[in-house]
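As a plain string of letters, each chain reads:
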Amino acid sequence: MYTVMLKAKLHMARVTHAVLNYEGSCAIDGELLDMSGIRENEQVQIYNVENGQRFTTYAIRAEEGSKVISVNGAAAHLAAAGDRVIICSYAHYSEAELEAHAPALVYLQEGNAISHTSNAIPVQLA
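Not measured: the values here are computed from a predicted model.

Caption draft 1: Focus on the environment of Gln 45. For Gln 45, the position within the fold is in strand 4 (residues 43–48). Taking relative accessible area as the criterion, Gln 45 reaches 19% and is therefore assigned buried. Along the primary structure Gln 45 and Ser 89 are separated by 44 residues, whereas in three dimensions their C-alpha atoms are 6.3 Å apart. For Gln 45, the side chain forms a polar contact with the side chain of Thr 56, separated by 2.8 Å.

Right under this line is the structure:
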């Protein structure tokens, strides 16, 4: 049996571009892809904090160090430049793999600069 688990997350990324007339996908600064372990052409889920839209696309590499988060194609109707989004990827893990699994969490601040990283989501307090 396999369990679908969070593999990687870019938390509170700021959309820099929304390009409707593009083939599709989400362009992400190559440094952020590498830091998070999200691969080029990997399926990602995007959660728009501003309007609640949730959608699926795939990641493509933007220029290293550019801080670009560009939502392209039809998804450009679901996010605008300036929106805050959470970008997640998931993977299937076997029972044996689950014991050592820890997601790569990359927290961003204004300008899509890295604030900090972690491998555990903080416990939600009451």
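Here the narrative resumes.
Caption draft 2: Main features of the state of the cysteines. Scanning the entire structure with this criterion turns up 0 disulfides. In this model Cys 26 remains outside any disulfide bridge; the closest cysteine sulfur is found in Cys 88, 12 Å from its own. Looking at Cys 26, the relative accessible area reads 0%, which means it is buried. Owing to a relative accessible area of 4%, Cys 88 belongs among the buried residues under this scheme.

Caption draft 3: Region of interest: the nonpolar core. Within the largest apolar cluster, 21 residues are counted, with the highest numbers of intra-cluster contacts made by Leu 10, Ile 28, Ile 38, Ile 46, Ile 69, Val 85 and Ile 87. Of all the secondary structure elements, the ones that give two or more residues to this core are strand 1 (2–14), strand 3 (25–29), helix 1 (30–36), strand 4, strand 5 (54–62), strand 6 (69–72), strand 7 (84–94) and strand 8 (104–109). In this structure, Leu 6, Tyr 47, Leu 105 and Tyr 107 belong to the second largest nonpolar core, which totals 6 residues.

Caption draft 4: Molecular detail of unusual backbone geometry. Phi is positive for Asn 41, close to 75°, though the residue is something other than glycine. Tracing the chain through its elements places Asn 41 in the loop between helix 1 and strand 4. Asn 41 gets classed as exposed once you look at its relative accessible area, which sits at 55%. With a phi close to 65°, Lys 67 is a non-glycine residue in the positive phi region.

The rules behind the values
Residues numbered from 1 in each chain as written. Predicted model: local features only at pLDDT ≥ 70, side-chain atom pairs only at ≥ 80, totals over all residues. Heavy atoms only, no water. Helix = DSSP H or I, 4+ residues; strand = E, 2+ residues; numbered from the N terminus. Buried < 20%, exposed > 50% of the residue type's maximum accessible area, 1.4 Å probe, protein only. Polar contact = N/O pair within 3.5 Å; in protein donor to acceptor, adjacent residues only side chain to side chain. Disulfide = S-S within 2.5 Å. Core = buried A, V, L, I, M, F, W, Y, C linked by side-chain atoms within 4.5 Å.

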